[in-house]
Amino acid sequence: MNRTVRAAVCSVAVTALALGLSSCSEAVDQVDKAVNETYEVTYEVTGKNVDSIEFHGGGGKAMEPKIESVSKPELPWKKTVTLRGIMPAAVMPVAADPEGAQVTCKIIHKGKVLEEQSADGLVTAGGCTAESPITK
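Since the structure is predicted, the reported quantities are computational estimates derived from the model, not experimental observations. (Residues numbered from 1 in each chain as written. Predicted model: local features only at pLDDT ≥ 70, side-chain atom pairs only at ≥ 80, totals over all residues. Heavy atoms only, no water.)

*Asks:* What is the right way to read the overall build of the protein from this model?
*Replies:* The helix and strand tally for the protein stands at one helix and seven strands. In the protein, the order of α-helices and β-strands from amino to carboxyl end is α-β-β-β-β-β-β-β. Per-residue burial over the protein gives 29% buried out of 136 residues. Considering only contacts in the protein between residues 6 or more positions apart, those separated by 24 or more positions represent 65%. (Helix = DSSP H or I, 4+ residues; strand = E, 2+ residues; numbered from the N terminus. Buried < 20%, exposed > 50% of the residue type's maximum accessible area, 1.4 Å probe, protein only. Contact = heavy atoms within 4.5 Å.)

*Asks:* I tried to follow the pattern of salt bridges on my own but got confused; where do I start?
*Replies:* Note on pairing: side chains with opposite charge can pair once their charged atoms come close. Scanning the entire structure with this criterion turns up two salt bridges. Among the salt bridges present, the one from lysine 78 reaches glutamate 44, with a minimum N-O distance of 3.6 Å. Linking lysine 78 in strand S4 (residues 77-84) with glutamate 44 in strand S1 (residues 38-48), this pair joins segments that are 34 residues apart in sequence. For lysine 78, a relative accessible area of 58% gives the class exposed. (Salt bridge = Lys/Arg side-chain N within 4 Å of Asp/Glu carboxyl O.)

*Asks:* Just checking my understanding: could you explain the packing of aromatic side chains for this structure?
*Replies:* The geometry of an aromatic ring pair comes down to the distance between the two centres and the angle between the two planes. Throughout the structure, instances matching the rule amount to two aromatic pairs. A centroid spacing of 5.4 Å and a plane angle of 50° characterise the contact between phenylalanine 55 and tryptophan 77, whose relative ring orientation is tilted. On the criterion of sequence distance, the pair formed by phenylalanine 55 in strand S2 (residues 50-61) and tryptophan 77 in strand S4 is long-range, its members being 22 residues apart. Overall, the relative accessible area of 2% leaves phenylalanine 55 in the buried class. An aromatic cluster is built from Tyr43, Phe55 and Trp77, whose rings are joined through pairwise contacts. (Phe/Tyr/Trp six-rings, centres within 6.5 Å; stacked < 30°, edge-to-face > 60°.)

*Asks:* Could you clarify how one ought to interpret the side chain of histidine 56 in this entry?
*Replies:* Topologically, histidine 56 is positioned in strand S2. A polar side-chain atom of histidine 56 sits 2.8 Å from the main-chain carbonyl oxygen of proline 88. When neighbours within four sequence positions are excluded, histidine 56 is seen to be in contact with Tyr43, Pro65, Lys66, Ile67, Val81, Leu83, Pro88, Ala89 and Ala90. (Polar contact = N/O pair within 3.5 Å; in protein donor to acceptor, adjacent residues only side chain to side chain.)

*Asks:* What exactly am I supposed to notice about the environment of aspartate 51 here?
*Replies:* Position of aspartate 51 relative to the elements: it lies in strand S2. What makes aspartate 51 partly exposed here is its relative accessible area of 24%. Aspartate 51 sits 50 residues away from alanine 101 along the chain, and the two C-alpha atoms are 9.7 Å apart. Those residues in contact with aspartate 51 that lie beyond four places of it in its chain are Val70, Ser71, Lys72, Pro73, Val94, Ala95 and Ala96.

*Asks:* Sorry if this is basic, but what is going on with the nonpolar core here?
*Replies:* General note: in soluble globular proteins, nonpolar side chains tend to be found buried as a group. Core analysis: the biggest nonpolar cluster contains 21 residues, and Val41, Tyr43, Leu83, Ala89, Val91 and Ile107 have the highest contact counts within it. Sorting the residues of this core by element identifies S1, S2, S4, strand S5 (89-109) and strand S7 (128-130) as the ones contributing at least two each. Here this core takes seven residues from S5, the largest share from any one element. When residues no more than four places from it in sequence are discounted, the contact partners of alanine 89 are Tyr39, Val41, Tyr43, His56, Leu83, Ile107, Cys128, Thr129 and Ala130. (Core = buried A, V, L, I, M, F, W, Y, C linked by side-chain atoms within 4.5 Å.)

Structure representation (structure tokens):
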């Protein structure tokens, strides 16, 4: 390969590499921003005979959130929490009653219901999990 062609090929390769690294750098910056960005959700639980409620309260890591718990909650129960990055919002009410239990849970973000579930029966474990709105 002659010297001019070799120089042109090297120049194109270096430019492509620089552009590729720039794009990669931008993607990493976007991920970093998303991981550190926060969002607020409100959990709501209604029903009867709910024994406990577990929920992501904002602590821990995005993929290993700290789970908080409330025993014998007064219903209707409502809690607003601040979550971070890609951490999913989740609330899990549990009820057990020989006469039948009933639970409904909701996850609300900026006035919009992200997830709603209901369950009933002798032993009921309802649960709502919603994807982080930051990832959308």
